[in-house]
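# Architecture at a glance
Here is how the chains run, residue by residue.
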Amino acid sequence: MFTIGKKMDQTQTFEPTAAPLDTRVTRLLGIKYPIIQGAMAWIADGKLAAAVSEAGGLGIIACGSAPTEWVREQIELARSLTKNPIGANIMLMNPNTPELAQLLADMKVDVITTGAGSPSPYIQMWKEAGCKVVPVVASAALAKRMERLGADAVVAEGCEAGGHIGELTTMALTPSVCDAVSIPVITAGGVADGRGLVAAFALGGEGVQVGTRFLTAFECGIHDAYKQKVIGAKDSDTIVTGRPSGHPVRQLKNRFARDVRKMEGGSDASVDEIEQMLAGSLHRAVTGDVEMGSLMSGQVACLVHDEKPAAQIVDDLMNEAYTWCGKNLTDMAAKNAERAWKEA
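Rules behind the numbers
Residues numbered from 1 in each chain as written. Predicted model: local features only at pLDDT ≥ 70, side-chain atom pairs only at ≥ 80, totals over all residues. Heavy atoms only, no water. Disulfide = S-S within 2.5 Å. Salt bridge = Lys/Arg side-chain N within 4 Å of Asp/Glu carboxyl O. Helix = DSSP H or I, 4+ residues; strand = E, 2+ residues; numbered from the N terminus. Buried < 20%, exposed > 50% of the residue type's maximum accessible area, 1.4 Å probe, protein only. Pairing = 2+ DSSP bridges. Axes fitted to C-alpha atoms, helices over the stretch in contact; angles between N-to-C directions. Contact = heavy atoms within 4.5 Å. Left-handed = near helix turned anticlockwise from the far one by under 90°.

Looking now at the state of the cysteines. Applying the stated criterion across every chain, the model contains zero disulfides. Free cysteine Cys63: the closest other cysteine sulfur is in Cys131, separated by 12 Å.

Spelled out as structure tokens, the structure:
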């Protein structure tokens, strides 16, 4: 039984019902379900990560550009809340990467995911410390390189995802990566319910990484105004900025995102002016400025309609997927025609 606090003075209990699922991903990471919580900077802290791990998935603490001491505190917090494996994510372009990499090795973090650079200088150190290394990749070529470097698995993240993205869709990227490597592939980008999990497996994945759905988990500490924007989003409500600079970012449409697109699209704004506008934009959103903050979110925000405990999100994903997997293609098509896919 899980007890979850939506507010400081309110608790709710939830009893999970989904059966465990045995895959190479669950065996590799020591988890019950092949569900990894996405590493969202300024969002994925020790509390959220612990809730997902306690629920049987793998919670990830996002190091982002945070100070090393904050990362240490969040790992310690997560470990005080669950005995299950915990992960951490490093954005390798950050200047404090060497210190963070050493910290994760010293603390023997169970799983390390990486992005925005090559983990090559750190993989041996991490593996000697007993950490599993799972880079996030946006192409088959990069996945093959990570396998040669000794990665234990890869996350193939399609451009439907929120935050920093590549150019390939999940539908094209996942099978391409699966054809290129022999290590486990975890699908990310566009997964918010059981249909997405089953689709990921059909494409060749052996697990999923889920970010946007956890934005409205009770344990997620973003401002309620941010959560309500996610819950109210339609399928056309995301926008990508940053393509001219080579650093595309998907987020919900608001005044900030539209202003950035205008500045990038031929205005007289200098690179410095654009960078100044971008500075602190995610933190503004996390703390409640939903007009001039960067509301990073994937396209599947349109499938997120409520707040619930992280444990229930994990349980729903698995039970919905099990419902589908017991059907043949004819039954699937019939249920789709009735728009009754959640029914057993």
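In this structure the tally under the stated criterion is 12 salt bridges. The residue Arg243 makes a salt bridge to Glu167 at a minimum N-O spacing of 3.2 Å. On the criterion of sequence distance, the pair formed by Arg243 in the loop between β12 (238–241) and β13 (249–252) and Glu167 in the loop between β9 (163–164) and α7 (170–180) is long-range, its members being 76 residues apart. Judged by its relative accessible area of 41%, Arg243 is partly exposed.

Glancing now at the sheet that holds strand β5 (residues 86–91). Spatially, the eight strands line up as an open sheet ordered β3-β11-β10-β8-β7-β6-β5-β4, and their pairing is parallel. Every other strand in the sheet has two partners, leaving β3 (35–37) and β4 (59–62) as the edge strands with one partner each. Strand-to-strand twist across the sheet, computed as the mean angle between neighbouring axes with direction ignored, equals 25°. For β4 and β5, the ladder comprises four bridges, and the chain directions are parallel. Across the sheet, the residue bridging to Ile61 is Ala88, located in β5. Contacts from helix α2 (residues 46–54) reach β3, β4 and β5 within the one sheet, and its direction differs from that of β4 by about 165°.

This paragraph deals with the packing of α2 against helix α3 (residues 68–81). Their axes nearest at 8 Å, the elements α2 and α3 cross at an angle of 35°. Note on packing geometry: the crossing formed by α2 with α3 is right-handed. Across the interface between the two elements, Gly46, Lys47, Ala50 and Glu54 from α2 touch Gln74, Leu77, Ala78 and Leu81 from α3.

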